Amino acid sequence: MSLDIDQIALHQLVKRDENQLELVLRDTLLPATRAVEEMAEELHRVYSAKSKAYGLFNQDSELADALRNCRKGEDDFLAFSRAATGRLRDELSKYPFAEGGVVLFLHYRYLAVEYLLVAVLNSQSSMRVNEQLDISSTHYLDINHADIVARIDLTEWETNPESTRYLTFLRGRVGRKVADFFMDFLGASVGLDTKAQNRGLLQAVDDYCAESDLDKNERQNYRQQVYSYCNEQLQAGEEIALEDLSSELPPLGEKTFQAFTQEQGYELEETFPADRSTLRQLTKFAGSGGGLTLNFDAMLLGERIFWDPATDTLTIKGTPPNLRDQLQRRTSSK
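What comes next concerns the included structure. (Residues numbered from 1 in each chain as written. Predicted model: local features only at pLDDT ≥ 70, side-chain atom pairs only at ≥ 80, totals over all residues. Heavy atoms only, no water.)

1. Here's the deal with the overall build of the protein chain
Rule in force here: Comment: elements are numbered from the N terminus, with helices defined as DSSP H or I runs of at least four residues and strands as E runs of at least two. Partly exposed describes any residue whose relative accessible area lies between the buried limit of under 20% and the exposed limit of over 50%, with all areas from a 1.4 Å probe on protein chains only and scaled to the type maximum. Residue burial considers only the protein chains on display, and all accessible areas are found by Shrake-Rupley using a 1.4 Å probe.
The secondary structure content of the protein chain amounts to eleven helices and 16 strands. Seen through its principal axes, the protein chain has C-alpha atoms that stretch 70 × 60 × 40 Å. A burial count over the protein chain gives 38% of its 334 residues as buried. Within the structure as shown, the protein chain displays about 19400 Å² of accessible surface, and the carbon and sulfur contribution to it stands at 47%.

In structure tokens form, the structure reads like this:
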């Protein structure tokens, strides 16, 4: 299903020297040509597929105040975007790593939900072959690697102002400082902690199984059922719903899983996004550090893999064939 573009504004920050970011502002909104629509759809698709953090506006957020005025019709979208780009330049200039970029404000609808997406996109150079088979250079927006992006669910923000999840953003591959300046620009704080919700779910599953005195295989089978449901939700782009999860799990004892979580006070939301890396712990053990990386199925612990906590030693019985071949070649060459 395609998205419907309402308004789109495009501006630019150009780095002239070490200490100056120059504003280049459009005087008109970007017309919704087919190329613009394809760019917006690609940005929506890429952003939706990425792992995001959740946030909410601070009470003193200038951007939120300006957005409210724009929504009320007291200011137009172009003026809102121009002023916001100026504030972004001021925040970004505080950091030594400040670079330029194309600043995009996209107001659109998708599946009856209204969004405002704000992004800083970098341009990349590449080569192209024309119809005469000549090679020339070209520039393109690097949407796939965009990491300075935030999206406001305008529908959620306006109908449920107490929500802690109407604003999402990417933390950025450069590190926390990128997220810091963008959050300062947005005037926002971190809201729903998705990883904490998923960790709480895993703890609740383990405690529920422990209370029911399940053996090792029964516990792992139960974890696998939880993982299957959560992974299906993740693949479908849907959230984990505690009630639906509980209805798919066989009750252990007199309490359903949902009743157990409520009684024990795990503070889980009724629905929350799935976190792939956390949920993987239901079926696998994984870790890395000091030049060592390990990843194995949870069912192997106690069967082929044994951990001695006193000496912090793992014993592995039966190595993978490709690893065994490497070990044999290396040891035989000595």
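2. Describing a negative patch on the surface
Where we set the bar: Residues enter a patch when their relative accessible area is above 30% and they make no salt bridge; the linking distance is 9 Å between like charges and 5 Å between nonpolar side chains (Val, Leu, Ile, Met, Phe, Trp, Tyr). Take a side-chain nitrogen of Lys or Arg and a carboxyl oxygen of Asp or Glu: if they are within 4 Å of each other, that pair is a salt bridge. Charge assignment in this entry is limited to Lys and Arg as positive and Asp and Glu as negative, and neither His nor the chain termini are counted. Note that the charge is assigned to NZ on lysines, CZ on arginines, CG on aspartates and CD on glutamates.
Together, Glu-232, Glu-243, Asp-244, Glu-248, Glu-269 and Glu-270 line one region of the surface with negative charge. Ranked by the residues each element gives to the negative patch, the list is headed by helix 8 (residues 242–248), at three residues.

3. Description of the packing of aromatic side chains
The following threshold applies: Aromatic pairing here means that ring centres of Phe, Tyr or Trp (its six-membered ring) are within 6.5 Å. Orientation follows from the plane angle: under 30 degrees is stacked, over 60 is edge-to-face, and everything else is tilted. Placement of a positive charge over a ring is assigned whenever Lys NZ or Arg CZ falls within 6 Å of the ring centre and within 35 degrees of the normal to the ring plane.
Within the structure shown, the criterion is met by 13 aromatic pairs. Look at Phe-77 and Phe-80: their rings are 6.0 Å apart centre to centre, the planes differ by 40 degrees, and that puts the pair in the tilted class. Here Phe-80 and Phe-77 lie together in helix 3 (residues 77–92), a separation of three residues that amounts to about one turn. A ring pair is formed by Trp-157 and Tyr-166, whose centres lie 6.4 Å apart and whose planes are at 40 degrees; its orientation type is tilted. With respect to class, Trp-157 is no different from Tyr-166; both count as buried. Through successive ring pairs, a cluster of aromatic residues spans Tyr-208, Tyr-222, Phe-257, Phe-260 and Tyr-266. The ring of Tyr-47 carries Lys-52 above its face, with NZ or CZ at 5.1 Å from the centroid.

4. Concerning a nonpolar patch on the surface
Judged by side-chain polarity, Met-127, Val-129, Leu-133 and Ile-135 come together as a nonpolar surface patch covering roughly 470 Å² of accessible area. Tracing the chain through its elements places Ile-135 in strand 7 (residues 135–141). According to the relative accessible area criterion, Ile-135 is exposed, its value standing at 59%.

5. A closer look at the pattern of salt bridges
Scanning all chains against the criterion turns up 20 salt bridges. The closest approach of N and O atoms between Arg-71 and Glu-158, which form a salt bridge, is 2.7 Å. Note that Arg-71 is positioned in helix 2 (residues 62–71) and Glu-158 in helix 4 (residues 154–159), a separation of 87 residues in sequence. We note a salt bridge from Asp-90 to Arg-89, for which the minimum N-O separation is 3.1 Å. According to the relative accessible area criterion, Asp-90 is partly exposed, its value standing at 44%. Judged by relative accessible area, which is 23%, Arg-89 ranks as partly exposed.

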